[in-house]
Every structure is written in structure tokens, then in C-alpha cells.
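As a plain string of letters, each chain reads:
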Amino acid sequence: PANAAKVGAEVFQIFSRSPHGGPVKPITPDVQTQFQAAMDQYGFQDFYIHAPYFINFASAKNNVYYGSISVIREELERGTKLRCKALMTHLGSFGELTDEEGIEKEVKAVAKVMDGYRGSTQLLLEISAGAGRVVGDTFEELAAILDDKRLKDYNVGVCLDTCHLFASGYDVRDKKSVDKTMQQFAKVLGNDRLIVLHANDSK
């Protein structure tokens, strides 16, 4: 919170652990108390957590697949302890799987993450930058996951990254193109699912 206040931010995003893996420091009661005191001191209402980069809900390797599920559930619990509004995650890549197999694995992974979860931090799926066999680089792919009946009882939203959008072929270069893209988002996914926007530049 102190660092965010220094740059005049109104909201901020953190990693609760190294984005590349390694040892994870526990969220102790002392850490919870100190963090909330800093939030109050600097007048922040909300903050967000970005999941580590190694998450792959469509991996054919069980250690990666189940490890990803475990880490995301743990991050949701860690976020709840810190009173984090939401956690966004990338979805991974299809690899050698077909699109249908990959989407099925994604749905099952999100369902496993959310099963029995009673915390306050919301899970968000972040749109991917369209390159290779990444999952979730179109509104339709995100909808194929989120509209699955197995997820109907879970409050899972979307994080849109403007750089990722642009790299995936969605024009956001001026007001007219932004309006068109967001109308498409509303039609395919519904505006109620849009929780966070990463406003990033793109080459």
C-alpha cells in the first residue's frame, strides 16, 4: 500500500508469491494485521492479486495440472486473509491437446479450484495474448469455460488486458473500436463478468 500511495495510485495489484515459483511465505496473523493497517493508513479500498505465471489448467502433465489447481486455490485463500477483492490468472496453453480437450480440462480445473471454497476473494480468468496455442485468447473461448453448467454456481469473472486484447485481434485503438470490442464482449460474455481492466500499451 505504501508503494502504491507513493505513485498516486487509487488501486493496485500485487503478487502474493514469486510469479516464477519457489518458496512461499505464509500469510500470518501479523502480516494480515500489518497489511490491513497500511491499507487503512493510505486510504485504499481495494487491491488485487495476480497469480503466478506458471499456471496451466490445460496441461497434459498431471504435476503441472494439479499443481496449478492447488496454487490457485491457495492464492484465493491467501487473498481472503488479506481482504483482496479478486485474483486473476492466465489459463495456460492447449499443448498437444485438441481445443475441445483443453476447454474440458479448463472447466474441470476451475470447478476443482472452486469446490468448497468459501472465501471472499473472487477468481478472474484473464484474456490471453493470442499467440500459438494459448487458452482464452477470444471471448468465445472464455465463454466456453464460464458458461459450462458445472460452473454455474460459482462466482468467476473476467479480467481484460488491453495489450492481450490487441494482440488477439481486438481493436482498441480509438473510441469507436473500443465501443465495438466492448459491445462484442457484452454479447458473448456479459458486462456483469467484467471485474478488472489491465490498461496496458502494446506495440
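About the thresholds
Residues numbered from 1 in each chain as written. Predicted model: local features only at pLDDT ≥ 70, side-chain atom pairs only at ≥ 80, totals over all residues. Heavy atoms only, no water. Core = buried A, V, L, I, M, F, W, Y, C linked by side-chain atoms within 4.5 Å. Buried < 20%, exposed > 50% of the residue type's maximum accessible area, 1.4 Å probe, protein only. Helix = DSSP H or I, 4+ residues; strand = E, 2+ residues; numbered from the N terminus. Contact = heavy atoms within 4.5 Å. Salt bridge = Lys/Arg side-chain N within 4 Å of Asp/Glu carboxyl O.

Asks: Whenever I open this one, the nonpolar core confuses me. Can you help?
Replies: Where a protein is soluble and globular, its nonpolar side chains tend to be buried together. Formed by 47 residues in total, the largest nonpolar core has its most connected members in Phe57, Val110, Leu123, Leu125 and Ile145. Those elements that place two or more of their residues in this core are helix 2 (29-41), strand 2 (47-50), helix 3 (62-81), helix 4 (99-114), strand 4 (122-126), helix 5 (139-146) and strand 5 (156-161). Counting residues per element, this core draws most heavily on helix 4, which supplies seven residues. Aside from chain neighbours lying at most four places away, what touches isoleucine 145 is Leu91, Ile103, Glu106, Val107, Val110, Leu125, Val135 and Leu151.

Asks: How should the pattern of salt bridges be read in this particular structure?
Replies: A side chain with one charge can pair with a side chain of the opposite charge if their charged atoms come near. Using the criterion set out here, one finds 12 salt bridges in the structure. Between arginine 78 and glutamate 75 there is a salt bridge whose closest N-O contact spans 3.2 Å. In this pair, arginine 78 and glutamate 75 both sit in helix 3, three residues apart, roughly one turn of the helix. Accessibility classification places arginine 78 together with glutamate 75 in one group, the buried group. Among the ionic pairs, glutamate 104 bridges to arginine 150, the shortest N-O distance being 2.8 Å. With glutamate 104 in helix 4 and arginine 150 in the loop between helix 5 and strand 5, this pair connects stretches of sequence that are 46 residues apart. Via salt bridges that share partners, Arg17, Glu74, Glu75 and Arg78 belong to a single interconnected network.

Geometric values such as these leave the question of function open.
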